[in-house]
Structure formats: C-alpha cells, structure tokens
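The chain contents come next:
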Amino acid sequence: MSHKRISKRKAVLAAGGVAALGAAALLLPHANASQDGAAQTQAAPRALKAADASDFAGRLAGLLGDAFAGSYYDAGRQQLVVNVVGDDNQLVVQAKKAGAAVRQVDNSTAELRAAARTLKSEATIPGTAWAVDPRTNKVVVTADSTVTGAAWDTLESAVRSLGQEKATLRKSSGTFRTFASGGDAIFGGGARCSLGFNVTAGDGTAAFLTAGHCGVAAAEWSDAQGGAPIGTVDQAVFPGEGDFALVKYDDPAIQALSEVNAEGQAVPILQAAEATVGQEVFRMGSTTGLADGTVTGLDATVNYPEGTVTGLIQTNVCAEPGDSGGSMFTQDGLALGLTSGGSGDCTAGGETFFQPVTTALEAVGATLGEGGAAGAGGADEGAGGDQGAGGEEGVGGDEGVGGDEGVGGDAQDAGNGGHDAGNEQQGAGSGQEGAAPGQEGAAPGQQAGGDHQGTGDGQDTGAGEQPGGEDDGAGESGPTQPH
C-alpha cells in the first residue's frame, strides 16, 4: 500500500476543542508580520523573533563563558534576556552591545547543574520532575499527586538542602504519565500513539519520529486501527537519555511530506531547532488536536514509573493520553519536540514534557527537510546582520553573530515524531522562524506545518494505562507515565 503521507486525522475531543480553536487562530498568516521595518538602536536591546533566540543565546554563551547563567525569550518585549553572574562589567557591556537584555543573577549554570545532580542522587522518585528555570535562576522541582508520605518527605528534604535561593518545590494536581497519541494517529500492539515528523533515515529511506515509549511497545505501526502495518521500528530509546523512536516506512516508494496537519492547516516543517524558554509553541496530537503554550524549562528530568528520562523540554502546553509522539513546532515551520508525557489534561491544564527533535535526529542519524539546523535571523541589524549582535565589538567581531551570512545559515530543521503508545493526547506546536544567509542578517523562515498525526487506540506503555480503544489510551489513576 503506497502512502503519500499519513493523512487520517482524528476529530478533536471536546476537552481540547476550545484550546484548539485558539491555537489555530494564532497560526493564521497575519501572525507572520515582518519586523524588518522596526526602528532599532544599538544602545537598546534588539527586537528579536523567537526563532532567532536560541542561536543568539548560544553565541552569547560562548562570549560570556562561565559568566553565562542561562537565558530566556521575553515575548512581550521581543527580547532575549541573558543572565550573567560575577562582576565583570566588560562582559556585561559586550552582551548589551550585542543586543541582549542583561540581568545579573546569583546562581551560575554550573551551580544549578550541580543542584540537579544532587536531586538525581537523592530524590529520583517516580512522579517527580525538575528543570532549570532561567527566569527565576533556580531549579524548579515538581511533584505529582502520587508523591506523598515518606516520598514527599525525602523530596522536600533534598530540595531544602539545596537552599531556597537555588531550588523551589511545587505540587502538581495530576500524575505524570506518557501520552500516547499525536498529530496523525498510529496504531501498534494494541496501543495508539501520534506521528511527530516525517524524516529521512541515514540510509536515504523515508521514516518518521515518534515517542520512544511507543517504539518499545510495538515493533510495527499502522495508520488505521487493525490495519496493515506501514512502518517498522528501527531504533527506540526509553527510558534513559530521551524518549524517541525512528520508524521506517515499509513502502520504499512512499513520499513522506514534511508537514504538520494542524486542524486542517498544512504547516510546512522546514527544519529542526532548539527550544528557548519563554518561546510560544504549538502541539498537535491525535486526541486533543492543536494546543499552544510556552516553553518553561530545558534539560528537564522526569521520573516516570517506567524509569527516568533526561534531556526533555518542559512546557505548559496541555496534552492527554494518545498525544504521545506528536509534534511540537513553531508557527514559522520549526520542529522542536515530540510529546513524551506529563500531568493534567486540556481541561485543567498541567505540565507536558517533550523530546527535543534535534537530539533525536542526531541520535538516529536522520534528517528533516534539507537536513540542516535552524539558525537565528531577524531584522537587518539583528543577530547576524552586517553589524550583527554587537557590531564590530559584539559577538563574533567584525562579522557580528554569524558574520556576513547571518546567524543560522541556510539549513533547515529536521524532525519527526510520534505519540506514546496507549494514551490519546495530541501534540500541538508553534512555529519558529528559520534563518537564511544574507549580508544584512538572516531572513525569517517559512511557516511550519504538516499533516502528521499520532496514532492511538490501545494502552500506554506506562503503568496505569488500560488497553483498548481510543478512550482506553491512558488512565488518570496511575502513577507518572509518559503519554
């Protein structure tokens, strides 16, 4: 059976309908208005599009060295805020000249990472998660509703030992679990997940990315419940250093389009990119459809009942069982993540964690689009223009951040994804803007999108899920699980 693309879409459940309508409105073309005409001055922080923030932050990190203590995107002001430790005023001046809004903080990146290592050794408890929040300059620790009694006491003691200036503890009303479902639904071994992004495998064959806990649940996947398999799992990681799987299409003649089917809008996915705290994102999943929110943490650790998963993106985007493996993307066509799991639902809200697409692509040797990585761009004098971030004295010297060709180059992000087996949530994504080379800076990328949805009937790979149909994807009573 030849598939041009997996195009079967599941109707959005009532629980996600309102969120989906709001998210869909944000994806309309008018949201892509150019800022190239905005007045800028070298003295003030530069107006920066979200798509450019990650690359710009990476280059500033290289400039600041040990003084760099994280960064986040202020969407309201359209600025990159950079945390700096120490009293080296020259570094602060350079960062400001580069176009960043600079904030001096107490905790260095090394200190916060050390705090996270302490939590790993002393408080690896199912139902817990932690990530560095650059907005508070602390490690934020979250415990779900299953963490009680002695487990709560142990966690609370570990957080307290770090000091209130380095870590904070909060409680989630839901339970962390995996969410099986996605953009386009996929079915395997009685489980339902979501397809994240179509990609090209290292051997040149067509494939797609989905959640790793889906990949370990079944070897073969179909685009229809009870239908013939369309793909076979090639690689899968879960738990451990990620939650991702590469599924190769069985039909060598398939044309797997690089799109996300966002509630009827085909959003072209151009390239893969790193997420930035504060960035607006969209998630598409086979259970809840399209939803939007913001990135709240990076390099997150989640302790699912099946084991610990590291290196995830934390967001406030809602998701539900069946959404696992689904795509998280930006309005401008950047692939960011694959839905892993979380707590809550699209009625009450909650936390959701995503596997970074860039990490998954590197691990499995696959590419998305033209196979490049997203870079930074923006206005003529933004990071990457002739004056770059900081002009002659800024990051990158005479060529600024990225030199004459702008930050990011001409590459495209890669990524594909799926949803966790068993749950019925859908992932939504927001699009970021890619960068193209140019002497006056990088131009914004195209809109993101695609027709891929996760699949989904059946049980989640995680505990607490009940096998069966689309509504049986994941139970709410079980402990923390991937979606």
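None of the values given here were measured: they were computed from a predicted structure. (Residues numbered from 1 in each chain as written. Predicted model: local features only at pLDDT ≥ 70, side-chain atom pairs only at ≥ 80, totals over all residues. Heavy atoms only, no water.)

A short note on helix 2 (residues 50-64)
Across its 15 residues, helix 2 extends 21 Å between first and last C-alpha, which sits within 8% of the 21 Å expected from 1.5 Å per residue. For helix 2, the set of buried residues is Ala51, Asp52, Ala53, Asp55, Phe56, Ala57, Leu60 and Leu64. Where helix 2 is buried, its residues contact strand 1 (68-74), strand 2 (79-84), helix 3 (89-97) and strand 22 (334-342). (Helix = DSSP H or I, 4+ residues; strand = E, 2+ residues; numbered from the N terminus. Expected span 1.5 Å × (residues − 1). Buried < 20%, exposed > 50% of the residue type's maximum accessible area, 1.4 Å probe, protein only. Contact = heavy atoms within 4.5 Å.)

A few points about helix 7 (residues 357-364)
By the burial criterion, the buried members of helix 7 are Val357, Thr358, Ala360, Leu361 and Val364. For helix 7, the angular spread of the buried residues around the axis is 165°, confining them to a single face. Just beyond helix 7, the residue with positive phi is glycine 365, at close to 75°. (Arc of directions from axis to C-beta.)

What to know about the packing of helix 4 (residues 109-122) against helix 5 (residues 149-162)
At a closest axis distance of 10 Å, the pairing of helix 4 and helix 5 adopts a crossing angle of 155°. Taken together, the axes of helix 4 and helix 5 lie roughly antiparallel to each other. The interaxial crossing formed by helix 4 with helix 5 has right-handed handedness. Residues Ala115, Thr118, Leu119 and Glu122 of helix 4 pack against Thr154, Ala158, Val159, Ser161 and Leu162 of helix 5. The residue inventory of the contact of helix 4 with helix 5, partitioned by class, reads five nonpolar, three polar and one charged. (Axes fitted to C-alpha atoms, helices over the stretch in contact; angles between N-to-C directions. Parallel < 35°, antiparallel > 145°, perpendicular 65-115°, else oblique. Left-handed = near helix turned anticlockwise from the far one by under 90°. Nonpolar A, V, L, I, M, F, W, Y, C, P; charged D, E, K, R; others polar.)

Side note on the sheet that holds strand 1
Taken in spatial order, the three strands of this open sheet run 1-2-3, and their pairing is mixed. In the strand order of this sheet, the two ends are held by strand 1 and strand 3 (101-104), each with one partner. Adjacent strand axes in the sheet meet at a mean angle of 25° when their direction is disregarded. Bridge count for strand 1 against strand 2 is five bridges, and the pairing is antiparallel. (Pairing = 2+ DSSP bridges.)

Distances and angles like these do not, on their own, reveal function.
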